[in-house]
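If you want the building blocks of each chain, they are given just below.
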Amino acid sequence: MAAAESPSAALRRRDLCSRGIRLAGKMRADVVDLLDAYVEQQGLDASASAAAVEGVPLAAVERWDEQTGTQRLLENLAAYRAFRTLLAQMLEEQREQLGEADAGLGRALAAVLLQVSAFAYHLEELLRLESRGVPGEEGDEEEEDGPPPPPRLSLFEQKLRGLGVLRELAQWAVRSVRDLRQLAKPSPATSAAPGLAESP
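Bear in mind the structure is a predicted one, so any value in this text is a computation, not a measurement.

J.: Describe the nonpolar core, with residues and values.
T.: The biggest cluster of nonpolar side chains holds 45 residues, and the ones touching the most others in it are Y80, F83, L87, V116 and L169. Broken down by secondary-structure element, the contributors of at least two residues to this core are α1 (7-42), α2 (69-98), α3 (103-129) and α4 (155-184). Top contributing element to this core by residue count: α4, with eleven residues. Setting aside chain neighbours within four positions, we find V116 in contact with M27, Y80, F83, R84, L87 and L169.

J.: An account of the packing of aromatic side chains is requested, with residue identities and associated values reported.
T.: Counting across every chain of the model gives three aromatic pairs. Residue placement shows R72 over the ring face of W64; its charged tip is 4.2 Å from the ring centre. We note R178 situated over the ring of W64; from NZ or CZ to the ring centre the distance is 4.2 Å.

J.: With reference to specific residues and values, describe the packing of α1 against α4.
T.: Two elements in contact, α1 and α4, have axes whose closest approach is 8 Å; the angle formed by their N-to-C orientations is 160°. When the axes of α1 and α4 are compared, the pair comes out roughly antiparallel. Between α1 and α4 lies a crossing whose hand is left-handed.

J.: Kindly report on the pattern of salt bridges, identifying the contributing residues and their values.
T.: Following the criterion strictly, the structure yields twelve salt bridges and no others. The partner of E124 in a salt bridge is R128, with the nearest N and O atoms 4.0 Å apart. Separated by four residues within a single helix, E124 and R128 lie in helix α3, roughly one turn from each other. For the salt bridge of R128 with E125, the shortest nitrogen-to-oxygen distance reads 2.8 Å. Of this pair, R128 and E125 both sit in helix α3, separated by three residues, roughly a single helical turn. For E125, a relative accessible area of 22% translates into the label partly exposed. Several salt bridges share partner residues, and in doing so they unite R72, E75, R175 and D179 into one network.

Cut-offs and rules
Residues numbered from 1 in each chain as written. Predicted model: local features only at pLDDT ≥ 70, side-chain atom pairs only at ≥ 80, totals over all residues. Heavy atoms only, no water. Core = buried A, V, L, I, M, F, W, Y, C linked by side-chain atoms within 4.5 Å. Buried < 20%, exposed > 50% of the residue type's maximum accessible area, 1.4 Å probe, protein only. Helix = DSSP H or I, 4+ residues; strand = E, 2+ residues; numbered from the N terminus. Contact = heavy atoms within 4.5 Å. Phe/Tyr/Trp six-rings, centres within 6.5 Å; stacked < 30°, edge-to-face > 60°. Lys NZ or Arg CZ within 6 Å of the ring centre and 35° of its normal. Axes fitted to C-alpha atoms, helices over the stretch in contact; angles between N-to-C directions. Parallel < 35°, antiparallel > 145°, perpendicular 65-115°, else oblique. Left-handed = near helix turned anticlockwise from the far one by under 90°. Salt bridge = Lys/Arg side-chain N within 4 Å of Asp/Glu carboxyl O.

Note that all results are geometric; they support no functional claim without further evidence.
Okay, here's the thing in structure tokens:
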């Protein structure tokens, strides 16, 4: 059985979770604003359907209340690492399509990308505190040669994929707040208190 968490480690974990909750809340507000601007600038219908984004775990998960703290952190980290790559790709596509024609949207995308990167680092800190190794990113060995080229999509497909990315990111920000609230509780990560799945 794992040793009880020291008071200092518990305090550090709660502090990291509290800051992470604030980061995720701010990120979701910014993503919602960006979604509105993106839909308008791209000429999309706000109700347009977008396919699931390849490479991003869905925020919705079965048996959420049965997950351990480590599982929550690992899933969050995998998602935000994927979002970091996808947002960087969206930003590059945006620059190619519009140049400086809509610098405001580009700045908003870049700001959200920075928040996603900061949040991924924050999750890594929490994993280290949990005495878990931080998993390497897929493709680390190929970093010197750069990432593989993305599949070629039509302009409309790029717009729909971007819509899907931002929608799923907004959902993940909501889930991250719930996950971090759960992790901040003083009970061991392996125990699941009843009713947690209904927490806002």
